[in-house]
Amino acid sequence: MPLDYLHTNRTGTDFPLEKIDSLTTTKKWVRIRHTVDIIPRLIPTNPDIPTNPDIDVKRLQHLIRRGERIQFQLHLASSLLIITLFIAAAMPGLSSAQNSDENPALVTAIRAGHMINVETGESLANQIILIEDGLITATGSNVQIPTGAEIIDLSDSYVLPGLIDAHTHLAMTEMPGADINDHGTYYYTTLLEPTAFRAIQGVAQARSLLESGFTWVRDVGNSALYADIALRRGIEGGWIPGPNMIASGIIIAPFGGQFQMQPEKPELGNPEYIYADTEDEIRLAVRKNIHFGATVIKLVTDNQPYIYSIEDIAAAVDEAGDVGIRVAAHASSDEGIRRATLGGVVSIEHGTRPTDETLRLMKEHGTVLVGTDFPATRNGESRHAALVERIRRAYDIGTPMAFGSDVEYYREGWTRGELTLEFLDSYTDAGLPNDYILKMFTMFAADVMGVNSGRLKAGVAADIVAVDENPLDDINAIRAVHFVMKDGRVYKRDGHFEWSTPRVMNNPRRKPQRQ
Ligand SMILES: [Zn+2]
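Everything numeric in this text was worked out from a predicted model, so none of it was measured.

Lay out the sheet that holds strand β9 (residues 122-132) in plain terms, naming residues and giving numbers.
If you trace the 8 strands from one edge of the open sheet to the other, you get β10-β9-β8-β11-β21-β22-β23-β24, paired in mixed fashion. Taken across any chain shown, the strands that pair with only one partner, and hence form the sheet edges, are β10 (135-140) and β24 (496-497). The sheet contact formed by β9 and β10 spans 5 bridges and is antiparallel. Note on β10: the bridge partner recorded for Ile129 is Thr139.

What follows is the structure in structure tokens.
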């Protein structure tokens, strides 16, 4: 019987195949590098028997990413190992008719009737997009489709990069209700819902966002005790469907976090916030978050009467930057925005009330405004109008902007993805050009997060969606994504979400590794 795992009797260790990053063979060794154990393991092979030439690491990785079920059999001969590779039947729907199960396609080719180049703001007709190993390898009208490639026909569609929300709270869902209106339901969510349930909420919301075409998000806290990190691991490990995530862990803030507390209960802000009031406390808080798996740091700089100094913010930026992690700062007031910009953060979250001078300062420093520009349905007409005016000023001044929603609420009849796309209203109300809005939702958001996505060109991750109408003519076309690919894997086709009980699961590390 074929085995789902690579067994080695020598070490008594099983190697789940999805953890294998590379597998090379020589006459003497099988070298296995896998994600749990960064150090390669060397397993001796029989020097007299040549190792199986069919083992092709690239091909294995490709098949694993596609969700193919790959099986190894080990033959033990006189206590010496030789490995034979079998490829079991592909999962339903993944193999095209052109490919036999014995030889699944290494390359996927998308026939795009129209491909949006978000960098130039052009729609190009009849393009081929080649995908291999989760990456785009070529685009163009004269690209040759290799023999045996799996072909995805989107010749009736407009194909564009996967959408990105640079400010989400997947593990928070504020439920409205007449019985819980004291201080708003935000408090009640943090006080009443335990981390485990918050993570489960995150599972549902992550799927919703992927279904709506979001292939990356940056999750910026309010996740109780690291529900966001658990969620990210679940998605990365193939347990649940969702966008790729950059996640902050716990929000770092001066005493009180974003709460207004009473003296008898000063700790009510825990665990939603880490209170950090000195430079040392800020550095320690950054380290704690990174230790528990954060891949971005979120500061709330000005939600209390006392606000972080430039030096406070710079300390967080320095501490996080030492391991290549960026800092996003919640800042609403002009002074808060100014200090966070000078402190070196990558982005200002909300940025509600900047003067023109401060918007110019942001431009000068390349600090990105992630405006969380709520639609009027959420914010009311007058606050919405103020945001629209601020969007327009920032655009005219040339302050860099990326899309971030801040949706953490529920509305009956709507999915989280639909609520997120409702924010398009704010940018169309501000009169922003469609090609610029599309950049905010793709490449600009990818850049603020530092991820290789948001563009359709060779070398970029194959995060690709498709819609029926041209978003450069009407940006609202992106509210109806009917095809979703993330890292080269299809999650939605012809408007139907595709998710089967996974046969390949992983347990990715929660901590980034210093190289
Ligand atoms: Zn937020």
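That shown, we press on.
So what's going on with helix α8 (residues 356-365)? Which residues, and what values?
Within an α-helix, residues lying three or four positions from one another point in the same direction, as the helix has 3.6 residues per turn. Among all positions of α8, only Thr358, Leu359 and Met362 are buried. The arc that holds every buried residue of α8, seen down its axis, measures 105°, which confines them to one face. Opposite the buried face of α8, at more than 90 degrees from it, the exposed residues are Asp356, Glu357 and Glu364. Those residues of α8 that are buried are in contact with α7 (334-343), β19 (347-350), β20 (368-370) and α10 (381-397).

Please set out helix α5 (residues 279-291) residue by residue, giving values where relevant.
If you check α5, its first and last C-alpha atoms are 18 Å apart, about what 13 residues at 1.5 Å a residue would give, namely 18 Å. Turning to α5, its buried residues number three or more, namely Ile282, Ala285, Val286 and Asn289. Burial along α5 is one-sided: seen end-on, the buried residues are contained in an arc of 100°. Turned more than 90 degrees off the buried face of α5, the exposed positions are Asp280 and His291. The inward-facing, buried residues of α5 abut β15 (251-253), β16 (273-275), β17 (297-300) and α6 (310-321). Directly after α5, the chain includes Gly293, whose backbone phi takes a positive value near 115°.

Thresholds applied
Residues numbered from 1 in each chain as written. Predicted model: local features only at pLDDT ≥ 70, side-chain atom pairs only at ≥ 80, totals over all residues. Pairing = 2+ DSSP bridges. Helix = DSSP H or I, 4+ residues; strand = E, 2+ residues; numbered from the N terminus. Buried ≥ 20, exposed ≤ 12 C-beta atoms within 10 Å, placed from the backbone. Arc of directions from axis to C-beta. Contact = placed C-beta atoms within 7 Å. Expected span 1.5 Å × (residues − 1).

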